[in-house]
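Secondary and tertiary structure notes
Spelled out from the first residue to the last, the chains are:
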Amino acid sequence: MASVIKKHSISSELAQKMVDAAVAKAKAIGVSENVAILDDGGNLKAFGRMDGAPILSIEMAQNKAYTALFGVSTQDFFNFIQGDPSLLAGIPTLARVAAWGGGFPIKFDGEVVGAIGLSGAPTVENDIDCARAALALVPDALSAE
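The sections below set out a description of the structure shown in this document. Since this is a predicted model, take the numbers as computed values, not measurements. (Residues numbered from 1 in each chain as written. Predicted model: local features only at pLDDT ≥ 70, side-chain atom pairs only at ≥ 80, totals over all residues. Heavy atoms only, no water.)

1. Remarks on the overall build of the chain
What the chain contains, in helices and strands, is five helices and four strands. In the chain, the succession of α and β elements from N to C terminus is α-β-β-α-α-α-β-β-α. Here the C-alpha radius of gyration of the chain, 15 Å, is about what a compact globule of 145 residues would show, namely 15 Å. Projected onto the principal axes, the alpha-carbon positions of the chain cover approximately 50 × 40 × 25 Å. (Helix = DSSP H or I, 4+ residues; strand = E, 2+ residues; numbered from the N terminus. Rg over C-alpha atoms; globule rule 2.2 N^0.38 Å.)

Below you can see the structure in the form of structure tokens.
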């Protein structure tokens, strides 16, 4: 049927394992995180909120993941828009878009199958480190970063 396409999406099992890996990394470095995994359509697939993670960061983690569905990390997305005043002014006004580090696409064979977003730690670098620990579970996920 020509009007139907086949796509791939992250499984709930992998999504939960990624949350667990990010939380383990956060514990190891002594920070509290909110970890959101979205499927390829931007729907919440798995989530973890560590004790002490800020409540406002729940939405931030989900927004970072949503933004990463563009296919690039949120840090790379910020680096792209910062040189264009119109993008820098307009993009942050869009709902669910977060242009700071801590969000990454989850890719399989080059296809975006979901995204991860972390927020709550004292620094963006902490968010990125914890996300990378989760992405290590996905073969070749970090090869493009």
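2. Concerning the nonpolar core
Of all hydrophobic cores here, the largest spans 25 residues; its most connected members are I10, M18, V35, I37, I106, I116 and L118. Counting only elements with at least two residues in this core, the list comes to α1 (12-29), β1 (34-39), β3 (103-108), β4 (111-119) and α5 (124-135). Ranked by residues supplied to this core, first place goes to α1 with seven residues. Excluding residues within four positions of it along the chain, I106 makes contact with I10, M18, I37, E111, V112, V113, G114, A115, I116, L135 and V138. (Core = buried A, V, L, I, M, F, W, Y, C linked by side-chain atoms within 4.5 Å. Buried < 20%, exposed > 50% of the residue type's maximum accessible area, 1.4 Å probe, protein only. Contact = heavy atoms within 4.5 Å.)

3. Some thoughts on the pattern of salt bridges
For the structure on display, the rule yields three salt bridges. In this structure, D40 engages K7 in a salt bridge whose closest nitrogen and oxygen atoms are separated by 2.9 Å. Of this pair, D40 sits in the loop between β1 and β2 (44-49) while K7 is found in the segment before α1, placing the two residues 33 residues apart along the sequence. Between K64 and D127 there is a salt bridge; the shortest N-O distance is 2.9 Å. Within this pair, whereas K64 is found in helix α2 (residues 56-68), its partner D127 is found in helix α5, the two being separated by 63 residues in sequence. D127 carries the same exposure label as K64, and that label is buried. (Salt bridge = Lys/Arg side-chain N within 4 Å of Asp/Glu carboxyl O.)

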